Amino acid sequence: KNQVEQSPQSLIILEGKNCTLQCNYTVSPFSNLRWYKQDTGRGPVSLTIMTFSENTKSNGRYTATLDADTKQSSLHITASQLSDSASYICVVSLGSSYKLIFGSGTRLLVRP
Amino acid sequence: EPEVTQTPSHQVTQMGQEVILRCVPISNHLYFYWYRQILGQKVEFLVSFYNNEISEKSEIFDDQFSVERPDGSNFTLKIRSTKLEDSAMYFCASSDRARDLRGAFFGQGTRLTVV
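Right, let's walk through the structure included here. (Residues numbered from 1 in each chain as written. Chains lettered and ligands numbered in written order. Predicted model: local features only at pLDDT ≥ 70, side-chain atom pairs only at ≥ 80, totals over all residues. Heavy atoms only, no water.)

Concerning the nonpolar core
Under the convention used in this document: Buried Ala, Val, Leu, Ile, Met, Phe, Trp, Tyr and Cys residues that are joined via side-chain atoms within 4.5 Å together make up what is termed a nonpolar core. Burial here depends on accessible area, computed with a 1.4 Å probe over protein chains only, as a share of the maximum for the residue type. Under 20% is buried, over 50% is exposed, and the range in between is partly exposed. Secondary structure elements follow DSSP: runs of H or I of four or more residues count as helices, runs of E of two or more count as strands, with numbering from the N terminus. Should any heavy atoms of two residues lie within 4.5 Å, those residues are considered in contact.
Among the nonpolar cores identified, the biggest contains 26 residues, and Val4, Tyr25, Leu33, Trp35, Leu75 and Tyr88 of chain A are the most heavily contacted of them. Within the residue set of this core, elements represented by two or more residues are β3 (19–26), β4 (30–38), β5 (45–51), β7 (62–67), β8 (72–77), β9 (86–94) and β11 (106–111) of chain A. If one sorts the elements of this core by residue count, β9 of chain A sits on top with five residues. Setting aside residues no more than four positions away along its own chain, Leu33 of chain A makes contact with Cys23, Tyr25, Thr48, Ile49, Met50, Leu66, Ser73, Cys90, Val91 and Val92 of chain A. One finds Ile38, Phe65, Leu77 and Ala88 of chain B within the second-largest nonpolar core, a separate group that totals 23 residues.

Here's the deal with the pairing of strand β1 (residues 3–7) of chain A
All names here are of chain A. What counts here: Being paired, for any two strands, means DSSP has found at least two bridges between them.
A one-sided burial pattern is seen for β1, the buried positions being Val4 and Gln6 and the unburied ones Gln3, Glu5 and Ser7. As paired elements, β1 and β3 share five bridges and run antiparallel to each other. Bridge pairing links Val4 to Tyr25 in β3.

What about the environment of Ser27 of chain B?
In this fold, Ser27 of chain B is placed in the loop between β3 (19–24) and β4 (31–37). Spatially, the C-alpha atoms of Ser27 of chain B and Ser95 of chain B are 10.0 Å apart, while their sequence positions differ by 68 residues.

Concerning the side chain of Thr106 of chain A
Residues and elements named next belong to chain A. The residue Thr106 is located in strand β11 in this model. Its relative accessible area of 0% is what places Thr106 among the buried residues. With sequence-adjacent residues up to four places away left out, Thr106 is seen in contact with Gln6, Ser7, Pro8, Gln9, Ser10, Leu11, Leu21, Ala86, Ser87 and Tyr88.

Brief notes about the interface of chain B and chain A
Which entries qualify depends on this criterion: Each polar contact in these results corresponds to two N or O atoms within 3.5 Å; when the atoms are within protein, one needs to be able to donate a hydrogen and the other to accept it, and residues that are neighboring in sequence are counted only if both atoms are side-chain atoms.
With 23 residues of chain B at the contact, the number on the chain A side is 21 residues. Across the contact surface, chain B and chain A share five residue pairs in polar contact (both at pLDDT 80 or more). Contributions of two or more residues to the side of chain B that touches chain A are made by β4, β5 (43–50), β6 (53–57) and β9 (88–95) of chain B. Of the residues forming the side of chain B that touches chain A, the biggest block, four residues, is contributed by β4 of chain B.

Re the environment of Ser9 of chain B
Counting through the fold element by element, Ser9 of chain B comes out in the loop between β1 (5–7) and β2 (10–13). On the accessibility criterion, Ser9 of chain B (57% relative accessible area) is exposed.

Examining the sheet that holds strand β7 (residues 65–68) of chain B
All names here are of chain B. Basically, it comes down to this: Only the stretch in contact is used when fitting a helix axis, every axis being a line fitted to C-alpha atoms; angles between N-to-C directions are given from 0 to 180 degrees.
On the basis of which strands lie adjacent, the open sheet formed by four strands has the order β1-β3-β8-β7 and antiparallel pairing. The sheet is open, and its two edges are formed by β1 and β7, each paired on a single side. Within this sheet the neighbouring strands show an average axis-to-axis angle of 20°, counted without direction. Relative to β3, β1 is paired through three bridges, and the arrangement is antiparallel. Note that in β3 the partner of Thr5 across the bridge is Val24.

Structure representation (structure tokens):
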């Protein structure tokens, strides 16, 4: 079954600290993996997208990694800001399909 | 920056009524999608649409659902006879390539409440 699992479910950190969010997937055939940021009541916004051959990609303070062998990805947030408080969702695109498989997300709260 | 726009932002409807959710995708995009997110749950794929026809649909997308691109700009999702369990946030998305190599762009969503 095609699934995307994320951990932790929620995370609280102090402003300025770094954090790493994890994603494991069992999706086949794999096309690409994205990380989205979703503010409460809003649509997901793409942060990074990686294909099979890429193992790291950065977007400002966000750095995503991908290990296609172990089917794991991580999202590292550096020097967190209050505005980083949101849900971070790992999404895998099926290679044979137009469908995106969403994880449940990690709810991040950055405190002053 | 171009964006996907959805209307209304919130719709309340009585069970059994028909609703139409509207979306204006990004103008040069060719692939359109509807997703939904029941409160507290994962975002789920409903349907993809290309070249004026459905490319793929999920098991959720039964005969009560339909999509249409009535003109060159709008993309609509119709639920024929709403049920309580249709209450969810519905997201429209669009992309310019089949495999979303640059990532699908999502709208802000329409919160549908069925009472």
